[in-house]
Structure formats: C-alpha cells, structure tokens
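Below are the chains, spelled out letter by letter.
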Amino acid sequence: MTLLYVTANPKRVEDSYSLQLGKCFLDVFRKNCSDTDIAQLDLFAVNIPPLEKEALAAWERFESSERDIPITNPFVEQFLQAEIVVFVTPLWNMSSPPQVKAYIDQLIIPKKTFCFTEEGIKGLAHDKTIVHIQSCGGVYSEGPLASLEHGNTYLQTIFSLIGVKNYHHVSIEGTSTFPQEVEERFEKAKEETRQLAETLSYNR
C-alpha cells in the first residue's frame, strides 16, 4: 500500500499545529502498517508549474480529436499511485496556501482523474481515500465564519468531483481566537487524528 503525505506549510513541525497533527497521523499509521510505502511531498519545497495551454485545451469537452493529446505530469502520476492521500494545511485568509490550489490543478486531468460522458463529468478517483488535517486561527465549523471557510470546503468539493467518496477532515480551530484553550483544543484534535489513523490503518 502507498500513502502520499502532502504538506503546505513553511513552518517547522514544532511551530505548526497542523504539522504536529500530521506527524501524529503518520506515527500511528506507520506503527500499524509498517509495510506501507509513504511518499512525502512538501509543496513549499517543489516547483509547481502553472497550467499550460495543452492542459487547458484538454479541459474543453468538445475539442476535436485532432487536439485530443494525452496530458499528464509527475504530480498526477504520483497521486494515482497512492491509495491514501493526506493533506496537511493551515487556513490562511480563509483558504489554503496558494501552493495547494496550484497542486490541485495538476491533479484534475482528463482521462487521469476524470472523464467526460454523455451525462457530464465522471470521476475516476473513487478508489482513493483523502484525509485533510487542518489548523485554523478562528472557528469556521460553525457560527458567523462558517460560510467563509474555503480551504476544506474546496478540497472536499474538488475531490468529490473526481469521484472520491472516502473523505476525512480533522481540524484544530480557534488557535488565535481562543489562546487560553489551545492546549485543550489541540489534545482533542490529536485524539481525533489518532483514532482516524487507527481506523484507516486497520481497514487496509
């Protein structure tokens, strides 16, 4: 089994709640599935190219067959090899870091993760399990900020589009808004992360 661990945070692990939760997930998963091949991808350490005209043309449903050129890239090929993909991100300005969007654009490729049918778009990534571990300075799961969270909602929507049914989200919220509660909130999120890693590892 292959697990792809994708991070998008320039901080050190000890300075980031999301990266600490991600490490917790990996530690539990490694312990239970020692034979798992884990690939790590730091989106702040790689160059993610912008989309080129060939990829944009491939998104056009009614392009002629003369322009039906197979499109691929190393990022989508790596993604396709993984059974579980773990994203670890902070919430910056109500969304994920821009590197995450650039990376996702490299994954949404016709004939790789989706295809066009008579009924519309058909996802091809239904065999994937996606885990999103997130840290938020405010509270976005409920209350007045709920409609302003565009990090996890974007990932959940885009992966649903390409057929992912098994999607999991763990977050620590209020790290800036409620500094006096951070340790308690972190321990709660850490326990949720452990439980999720246990469940996914034992289901393999």
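Up top is the structure.
Here is a short report on the structure shown in this document. (Residues numbered from 1 in each chain as written. Predicted model: local features only at pLDDT ≥ 70, side-chain atom pairs only at ≥ 80, totals over all residues. Heavy atoms only, no water.)

What follows covers the side chain of asparagine 73. Of note, asparagine 73 is situated in the loop between helix 2 (53–58) and helix 3 (74–81). Only 2.9 Å separates the side chain of asparagine 73 from the backbone nitrogen of phenylalanine 75, close enough to count as a polar contact. There is a polar contact of 2.8 Å between the side chain of asparagine 73 and the backbone nitrogen of valine 76. Those residues in contact with asparagine 73 that lie beyond four places of it in its chain are Gln106 and Ile109. (Helix = DSSP H or I, 4+ residues; strand = E, 2+ residues; numbered from the N terminus. Polar contact = N/O pair within 3.5 Å; in protein donor to acceptor, adjacent residues only side chain to side chain. Contact = heavy atoms within 4.5 Å.)

Below, the discussion takes up the environment of asparagine 73. On the accessibility criterion, asparagine 73 (12% relative accessible area) is buried. For asparagine 73 and glutamate 173, which are 100 residues apart along the polypeptide, the C-alpha to C-alpha distance reads 35 Å. At 2.8 Å, the side chain of asparagine 73 forms a polar contact with the backbone oxygen of glutamine 106. (Buried < 20%, exposed > 50% of the residue type's maximum accessible area, 1.4 Å probe, protein only.)

Pairing of strand 1 (residues 2–7) with strand 2 (residues 37–42), which is carried by six bridges, proceeds in the parallel orientation. The partner of threonine 2 across the bridge, within strand 2, is aspartate 37. Between the parallel pair strand 1 and strand 2, the chain is carried across by helix 1 (residues 17–32), and the sense of this crossover is right-handed. (Pairing = 2+ DSSP bridges. Right-handed = clockwise from strand over helix to strand, strands pointing away.)

Further remarks concern the packing of helix 3 against helix 4 (residues 98–107). The interhelical angle for the contact between helix 3 and helix 4, taken along N-to-C directions, is 75 degrees, at an axis separation of 7 Å. When the interaxial angle is binned, helix 3 and helix 4 end up roughly perpendicular. Each of Phe75, Val76 and Phe79 in helix 3 lies in contact with helix 4, whose residues at this interface are Tyr103, Gln106 and Leu107. (Axes fitted to C-alpha atoms, helices over the stretch in contact; angles between N-to-C directions. Parallel < 35°, antiparallel > 145°, perpendicular 65-115°, else oblique.)

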